[in-house]
Amino acid sequence: MFSEYFAHQTEELKGALDKRLSARGTATLPGKEKDLRIYKEFYEYVRDLLPPLFSIGMGKVRSQKHVLNRTVDFIVFQKWCKRFLELTGGYVLADQIFAFGTIETDLETRHIYNHASITEAVKTLYAQDNELGDNDLVPCYSILLSFKSSLPLLSHKKALEDIAVEKDIALNRETDLLCVLGQGIIVKDWENQGNFKVIETGEDTLMWFYILLLEYLDRDGNLGFDPREYIRENKEYREYS
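All values reported here derive from a predicted model rather than from experimental measurement.

Colleague: Just to check I follow, could you spell out the overall build of the chain for this structure?
Modeller: The helix and strand tally for the chain stands at 6 helices and 9 strands. If one aligns the C-alpha atoms of the chain with their principal axes, the spans along those axes are about 45 × 45 × 40 Å. Within the chain, the proportion of its 241 residues that are buried is 49%. Relative to all contacts within the chain whose residues are 6 or more apart in sequence, the contacts with residues 24 or more apart total 64%. Total accessible area on the chain is roughly 12,700 Å²; 47% of this is exposed by carbon and sulfur atoms.

Here it is, written out as structure tokens:
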């Protein structure tokens, strides 16, 4: 039921991005700021697929004691009143974040390093507010999504592993999911000591992005919906550990 739908939506989202990139031409934002406006259709698409309890947006994060003065490309959080962001001074509160991430057009190794840095910072803020230990799972899930990649998934897997060693990032502060539309995913495999697993999901990548996102959002077990039950066929994808 889902496979054909998400394959079609992948092409729609890629087409929308191409149109925005063509219309933008050489115009860029001042300095080094990323122009997130080109991903407008992606934000709208994910927003319309989220359960009503959740909101998606871009912005800055703060915990009870610290502020992360870097814009996070997308944050999925619980907004418990309409004026939530007014009350918080425009910051998303760390303990209200269920998932967050970075969006790229063409994934490069430097993007993975940048995302790893943001991931460690946001997860640390969440862990501090919730008094989690160094070995506890941090259920504030980190996602890196790219519309395409000239580099193979195995190269990105190595980069994820290398940055963790170089920066001495704790296992529970690493990226949880990397998606390249039309190619595949890299997921943290907690059944295999938290190592990264590459799965070539091809045209089903957007579908698995959504399925895994819903599972991340269901950390309290309250959603009451398992999309895996509605997949027509159990495809076998090529995997690399």
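Colleague: Honestly, the pattern of salt bridges in this entry has me stumped. Any pointers?
Modeller: Side-chain pairing between opposite charges can occur once the charged atoms of the two side chains come close. One pass over the full model with this rule turns up 16 salt bridges. One salt bridge connects Asp35 with Arg37, and the closest N-O pair in it is separated by 2.8 Å. Residue Glu108 pairs with Arg110 through a salt bridge whose shortest N-O separation is 2.8 Å. According to the relative accessible area criterion, Glu108 is partly exposed, its value standing at 35%. Each member of the salt-bridge network shares a partner with another, and the members are Lys34, Asp73 and Glu104.

Colleague: Even after reading the chapter, I still don't get the nonpolar core, so can you show me in this structure?
Modeller: Side chains of nonpolar character tend, in soluble globular proteins, to be buried together. Grouped together as the largest cluster of nonpolar side chains are 41 residues, with contacts concentrated most on Tyr39, Phe147 and Phe209. Counting residues per element, this core draws most heavily on helix α6 (residues 205-217), which supplies 11 residues. Not counting the four nearest positions on each side in its chain, Tyr39 is found in contact with Leu17, Lys34, Ile103, Glu104, Thr105 and Phe147. Judged by nonpolar contacts, the second largest core, of 17 residues, contains Phe77, Val92, Ile118 and Val122.

Colleague: Can you walk me through the environment of Leu21 in this structure?
Modeller: Within the element layout of this structure, Leu21 appears in helix α1 (residues 2-24). Exposure remark for Leu21: the relative accessible area of 25% places this residue in the partly exposed category. Counting along the chain gives 27 residues from Leu21 to Asp48, while the straight-line C-alpha distance between them is 23 Å. Among all residues touching Leu21, those that are not within four sequence positions of it are Ile38 and Thr105.

Colleague: For this particular structure, what's the right way to read the packing of α1 against helix α2 (residues 40-49)?
Modeller: Axes are the key here: two packed helices are described by the angle between their axes and the distance separating the axes. Taken N-terminus to C-terminus, the directions of α1 and α2 make an angle of 150 degrees; their axes are 8 Å apart at the nearest point. It follows from the interaxial angle that α1 and α2 lie roughly antiparallel. Taken together, the residues of α2 that come into contact with α1 (itself represented by Tyr5, Phe6, Gln9, Leu13, Ala16 and Arg20) are Lys40, Glu41, Phe42, Tyr45 and Leu49. Taken together, the residues of the contact of α1 with α2 sort by class into 7 nonpolar, 1 polar and 3 charged.

Rules behind the numbers
Residues numbered from 1 in each chain as written. Predicted model: local features only at pLDDT ≥ 70, side-chain atom pairs only at ≥ 80, totals over all residues. Heavy atoms only, no water. Helix = DSSP H or I, 4+ residues; strand = E, 2+ residues; numbered from the N terminus. Buried < 20%, exposed > 50% of the residue type's maximum accessible area, 1.4 Å probe, protein only. Contact = heavy atoms within 4.5 Å. Areas by Shrake-Rupley, 256 points an atom, 1.4 Å probe, with all protein chains shown as cover. Salt bridge = Lys/Arg side-chain N within 4 Å of Asp/Glu carboxyl O. Core = buried A, V, L, I, M, F, W, Y, C linked by side-chain atoms within 4.5 Å. Axes fitted to C-alpha atoms, helices over the stretch in contact; angles between N-to-C directions. Parallel < 35°, antiparallel > 145°, perpendicular 65-115°, else oblique. Nonpolar A, V, L, I, M, F, W, Y, C, P; charged D, E, K, R; others polar.

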